[in-house]
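# Fold and geometry: a report
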Amino acid sequence: MTGSTVPAAATPAAPATAMPVVVPLTPPTPPPGTVYVDATWAQQRLDKAEAVAIDVRTQAHYAAGHLSGARLLNLPAWQGPAQETVRSALIKAGICGGTVILYGEAGRGTELARTFLLLEEAGLSDVHVLRGGFAAWQRERLPVEKNVPAVKPCTWAAPAREAMASRALVMESFGKRGVELLDVRDQGWVGSDYIAPPRFSAGHIPSALPFDVTHFGDVASGEVDPEQIRAAVATLGPRDKDPVSIHSTFLLYGEGQEDPRAVEGYLLVRAAGLKAQVFAGGWKEWSAEGASPVVRIVEAAEVVRLMEAARAPDSVPSTRAMLVDLREPWDFRLAYLPGAQGQALRLLKKSFDEFIQQHWPQVERRTAPLIFYCYGRSCVRTREAAVLAGRRGFHNILWFREGVDGWRREGLPLLSLPRDHGTP
């Protein structure tokens, strides 16, 4: 980034056919590359009193030397009414709006990202990050001071925003157009199997996509490339020809409140010029006590085990596994998994409850396993079917990702129907 003036933030226009985003209060969309600023740009604004700096390093480092007029804030953890608590801390520091420049040091990216998120949650709309932190400032031999600046009283005027999402909001949003859930729990995976890294496979929120935020480097360093992040997000999707819309609000979640990847991912997505929110409770809150729909990727062996148990004489009808083939009727007639009922996704969308009632009238939707499969890995109908099932009260949703192709590779038996046999 050069020392040129950073353009004012502007929200990209959504396509004319796009549905309204269900989360309207997310922070405004910054143009790509305007969150991270260089030392020259920061100095120009600090010298003219057009911005204020916030130091996210330790007390000892701050006392040894900081940027002109920089404040050291002690912001709250996730628990509690973060908006009001953060606003109170900012008011005490004499910051009630305007341009804010955050800086830290390599290795403290989580604290930097957390502060960035909390400031946007509090309502500040012009928050920047000094690229390379205090080390970059020193490399430029820019002035450093040790005195604690005097604070002028101020009155909070910034409008409310929502950078953090509740479980209720996630429940309302998954699978809706205009919102994309990013599961950031896995890291270090690459290649064509990106859709099923280990933690994601073991359970995820319906419609979520895995996203490795650690791939882009330390958010406190000078190495972060907003264009690289934007390009990576633009190619996200259940398969290559189904990319997500970059006009979406990207809702990130990690393991829980202690997981740094969600807040770091928030900063990265915002730096890419995109809208974002963080579900702070993460996977722990979502999956606790079976209170929410969960999608789990399973292998053929588990499908076999569940269907054998469902056929056992002593099995309980309300807890038996259900197996649904989402392919077209003509393909179902030719070859289907033993125990499966066929209903193409296009038909299931129109008659989900009727279909379930017809084949499994006694099912307990919160506990019984509902297994979906399709042609193979390239078929993404299961993603939409999982959203549909989650919306209809099913919590134990299983995705046999390998589908019929994988079943054949395992040498497992397939059944067929007579040519004149009707099927949905």
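Summarised in this report is the structure supplied together with it. (Residues numbered from 1 in each chain as written. Predicted model: local features only at pLDDT ≥ 70, side-chain atom pairs only at ≥ 80, totals over all residues. Heavy atoms only, no water.)

### So, the overall build of the chain
Counted only if it meets this: In this text, helices come from DSSP runs of H or I with a minimum length of four residues, and strands from runs of E with a minimum of two, each type numbered from the N-terminal end. Using a 1.4 Å probe on the protein chains alone, a residue whose accessible area is under 20% of its type maximum counts as buried, one over 50% counts as exposed, and one in between counts as partly exposed. What makes two residues a contact is simply this: any of their non-hydrogen atoms within 4.5 Å. Accessibility throughout is a Shrake-Rupley quantity obtained with a 1.4 Å probe, and a residue counts as covered only by protein chains that appear here.
Helix and strand counts for the chain stand at 15 helices and 15 strands. For the chain, the proportion of its 424 residues judged to be buried stands at 54%. Long-range pairs, those at least 24 residues apart, make up 77% of the contacts in the chain with a sequence separation of at least 6. Taken as a whole, the chain presents about 18,700 Å² of accessible surface, with 52% of it coming from carbon and sulfur.

### Let's talk about the sheet that holds strand E4 (residues 99–103)
Selection criterion: Strand pairing is assigned whenever DSSP identifies at least 2 bridges connecting the two strands.
Across the sheet, five strands lie side by side as E1-E5-E4-E2-E3; this open sheet has parallel pairing. The open sheet has two free edges, formed respectively by strand E1 (36–37) and strand E3 (71–72), since each of these has just one partner strand. Note: strand E2 (residues 51–55) against E4, five bridges, orientation parallel. Counted as the bridge partner of Asp55 is Tyr103 from E4.

### Considering the sheet that holds strand E12 (residues 322–325)
Pairing within the open sheet is parallel, and its five strands lie in the order E11-E15-E14-E12-E13. Two strands lie at the open edges of the sheet, namely strand E11 (294–298) and strand E13 (341–342), each paired on one side alone. The sheet contact formed by strand E14 (residues 370–373) and strand E15 (residues 396–400) spans four bridges and is parallel. Paired with Ile371 across the strands is Leu398, a residue of E15.

### Some thoughts on the packing of aromatic side chains
Where we set the bar: In this scheme Phe, Tyr and Trp rings, the latter by its six-membered ring, pair at centre separations within 6.5 Å, and the angle between planes marks the pair as stacked below 30 degrees, edge-to-face above 60, and tilted otherwise. Lysine NZ or arginine CZ positioned within 6 Å of the ring centre and within 35 degrees of the ring normal marks a charge as sitting over the ring.
Within the structure shown, the criterion is met by eight aromatic pairs. Between Phe352 and Phe394, the aromatic rings sit 5.9 Å apart at their centres with planes inclined by 80°, giving edge-to-face as the arrangement. On the criterion of sequence distance, the pair formed by Phe352 in helix H13 (residues 345–359) and Phe394 in the loop between helix H14 (381–391) and E15 is long-range, its members being 42 residues apart. What makes Phe352 buried here is its relative accessible area of 2%. A ring pair is formed by Phe355 and Trp360, whose centres lie 5.8 Å apart and whose planes are at 80°; its orientation type is edge-to-face. For the pair Phe355 and Trp360, a shared accessibility class is recorded, and that class is buried. Just above the ring of Tyr375 sits the side chain of Arg327; from NZ or CZ to the centre is 5.7 Å.

### Some thoughts on the packing of helix H4 (residues 109–122) against helix H9 (residues 260–271)
Rules: Comment: axis = line fitted to C-alpha atoms, over the contacting stretch for helices; angle = value between 0 and 180 degrees taken between N-to-C directions. Orientation is classified from the angle alone, with under 35 degrees giving roughly parallel, over 145 giving roughly antiparallel, 65 to 115 giving roughly perpendicular, and any other angle giving oblique. Each crossing gets its handedness from the near helix: less than a right angle anticlockwise from the far helix is left-handed, clockwise is right-handed.
For the pair H4 and H9, the least separation of the axes is 8 Å and the interaxial angle reads 65°. The angle between H4 and H9 places the two elements in the roughly perpendicular class. Two packed elements cross with a definite hand, and for H4 against H9 that hand is left-handed. Contact residues: H4 offers Gly109, Thr110, Leu112, Ala113, Arg114, Phe116, Leu117 and Glu120, while H9 offers Pro260, Val263, Glu264, Tyr266, Leu267 and Arg270.

### Digging into the state of the cysteines
How we decide: Sulfur atoms of two cysteines make up a disulfide when they are within 2.5 Å.
Considering all chains together, one arrives at two disulfides under this definition. Residue Cys96 pairs covalently with Cys154 via a disulfide, S to S 2.0 Å. Residues Cys96 and Cys154 share a disulfide whose torsion about the S-S bond is about 65°; that sign makes it right-handed. With Cys96 in the loop between helix H3 (82–92) and E4 and Cys154 in the loop between helix H5 (133–139) and strand E6 (164–165), this pair connects stretches of sequence that are 58 residues apart. Here Cys374 is linked by a disulfide to Cys379, with a sulfur-sulfur distance of 1.9 Å. Between Cys374 and Cys379, the S-S torsion sits near 55°, and that sign places the bridge as right-handed. You can call Cys374 buried: its relative accessible area is 2%. Among the residues examined, Cys379 registers a relative accessible area of 8% and is labelled buried. With cysteine numbering restricted to those in disulfides and following the sequence, the chain has the pairing 1-2, 3-4.

These results come straight from atomic positions and should not be treated as a statement about function.
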